[in-house]
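# Topology and contacts: notes
For reference, the chains in residue letters:
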Amino acid sequence: MQARKENNVQGIDVSRYQGKIDWLQVKADKREFVFIKATEGQTYTDPNFTTNVKGALSAGLLVGTYHFLRATSAEVAKAEAVHYAKSLEEIGGAKALQLPPVMDYENNPSGISKAQINIVAKAFLTELERLTGVKPIIYTGNSFAGNFDDGLSGYDLWIARYSNTRVPDDQPAWKNWTIWQYSDAGKVPGITGNVDLNEFNGSLSDLKARYGKEKEMSNPFEGYRLTSPYGMRKHPVSGINKFHRGVDLVVTPADGPIYAFVAGEVIHAKMGVSGSGFGNYGIVVAIKDDKGYLHVYAHLSAAGVKVGQQVKRGQLIGKQGSTGISSGAHLHYEVRKACTPQFGYTATEAGVVEPTQYLNNYYGQTPVKEDKPVSQRDINVVSPWAEAAWAEVTANGYYDGTRPGAMITREESGIVTNRLRKNILKLIAGINGNVSDLDDRLKKIEAEEK
Ligand SMILES: [Zn+2]
């Protein structure tokens, strides 16, 4: 097959093993595309799947996903395609991403025949395309690729061969690679540990053109510098890990013009007051679109529109500033799901959508897929933002480490409180006195507080 080329666009692929990723650093390192692990077999979903997709999209990477195939029959292969397609719906469907879905078929632990490998592969690919409306590509290793017959040459090949010098071998189905995974030990800023490195056979615009999504997924924030993406982050002022409800964008000069990303009706255009849903947001212009979503432009130095006014997409609505709680001149832009009460303010992720994806869906006129409600989360998986505290509280024995996302009952919370109370008494008694004296005194205090 062909060798690597100097101007080929560079990318990576990731799964939960890369942990928390700083996508802005990845993008700054000129990694323009990423394939993100979505699913495996008939039930497994990578716990970092949706977080990774949102982070990578926010930072402006081209995003694709992959499924690790385990099937040994056509029937199970189809069931795996159903599981993968369902998981893709959580992030707006395969069509919401710029790069195609991937069948990762790379081993044969149960030793099925070559003919059966091809039956399984074709069943999965056909079903996946039927369900998602997007033609998938095939990921495999240099030697496993020899199993695939020329009935699969119509699918693009993403091949693994970890070498700088030895090109992938010609195969019955392919004489060229579309993407080459040339290292599994890459170092990329923003990622802890090793990461797989990939190269697409062409430039960035060739890559966009090949999968035909350039129009649908244009960067809605062209002309802005994205300084903080949507999602969990360390707050620039408080230093505390907190959910960032929108994106931070910067234009020069500091009081540069801000234009509407969508058309709609202005429902707020002044300093946000505490309790209104815009407290600490400074001067806010809020525009309600035709779907009822509220577009919030915060920290402005001046508003250029009036309440009740209809604005068009691209219309000047105000000037960038640093009003409210802000660490410097920037535009905080967020998209809320509702306008009332209090202008749709909800402290959690449940009240907002990822802005880049929302705008792309909106421009493309595809339906907006909402985030999964919290009640549908996998209670056995700890949330990324709670990982450190959960590890501590389980290590010190207050919780047993199981079901981190489950509701807590009265008796469970009672047990934890009681253990904490006893340990604190022991701690104090260790310095000055005995536990039963302290317990009596604490009981008196508790009786007074009832
Ligand atoms: Zn912000």
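Look above for the structure.
Every value quoted in this text rests on a predicted model; they were computed, and no experiment measured them.

Time to look at the pattern of salt bridges. If you walk through the whole model with that rule in mind, you get 15 salt bridges. Asp-439 is the salt-bridge partner of Arg-421, the closest N and O atoms lying 3.0 Å from each other. Linking Arg-421 in helix H8 (residues 410-432) with Asp-439 in helix H9 (residues 435-449), this pair joins segments that are 18 residues apart in sequence. What makes Asp-439 buried here is its relative accessible area of 19%. When the shortest N-O distance is used, the salt bridge between Arg-421 and Glu-446 registers 2.9 Å. Of this pair, Arg-421 sits in helix H8 while Glu-446 sits in helix H9, and the two are 25 residues apart along the sequence. The class for Glu-446 is partly exposed, based on a relative accessible area of 34%. In the salt-bridge network here, residues are joined through shared partners; they are Arg-421, Asp-439, Lys-443 and Glu-446.

Quick look at the coordination of the zinc ion now. Only His-244 (NE2), Asp-248 (OD) and His-332 (ND1) from the protein coordinate the zinc ion, and they sit 2.0 to 2.2 Å from it. The sequence motif formed by the donor residues of the zinc ion is H-x3-D-x83-H. With His-244 in strand E12 (residues 241-244) and His-332 in strand E21 (residues 331-336), this pair connects stretches of sequence that are 88 residues apart. Comparing His-244 with His-332, the two get one shared label, buried.

In spatial order, the strands read E14-E20-E18; together these 3 strands make up an open sheet with antiparallel pairing. Both edges of this open sheet fall to strand E14 (257-259) and strand E18 (302-303), since each of them pairs with a single strand only. As judged from the 3 bridges shared by E14 and strand E20 (residues 316-319), these two strands associate in the antiparallel manner. Bridge assignment links Tyr-259 to a residue of E20, and that residue is Leu-316.

Once that is clear, we can look at the environment of Ala-81. Looking at where Ala-81 falls in the secondary structure, it is placed in helix H3 (residues 74-89). Judged by relative accessible area, which is 0%, Ala-81 ranks as buried. Expressed as a C-alpha distance, the spacing of Ala-81 and Glu-40, which sit 41 residues apart in the sequence, is 9.8 Å.

A cis amide bond links Thr-252 with the next residue in sequence, Pro-253, at an omega value of 0°. Topologically, Pro-253 is positioned in the loop between strand E13 (247-250) and E14. In this structure, the amide linkage connecting Thr-340 to the following residue, Pro-341, adopts the cis form with an omega of -15°. Here Pro-341 lies in the loop between E21 and strand E22 (352-353). Notably, Asn-280 is not glycine yet its phi reads approximately 70°, a positive angle.

Cut-off values and rules
- Residues numbered from 1 in each chain as written.
- Predicted model: local features only at pLDDT ≥ 70, side-chain atom pairs only at ≥ 80, totals over all residues.
- Heavy atoms only, no water.
- Salt bridge = Lys/Arg side-chain N within 4 Å of Asp/Glu carboxyl O.
- Helix = DSSP H or I, 4+ residues; strand = E, 2+ residues; numbered from the N terminus.
- Buried < 20%, exposed > 50% of the residue type's maximum accessible area, 1.4 Å probe, protein only.
- Donors = N, O, S within 2.8 Å, 3.2 Å for Na, K, Ca; no water.
- Pairing = 2+ DSSP bridges.

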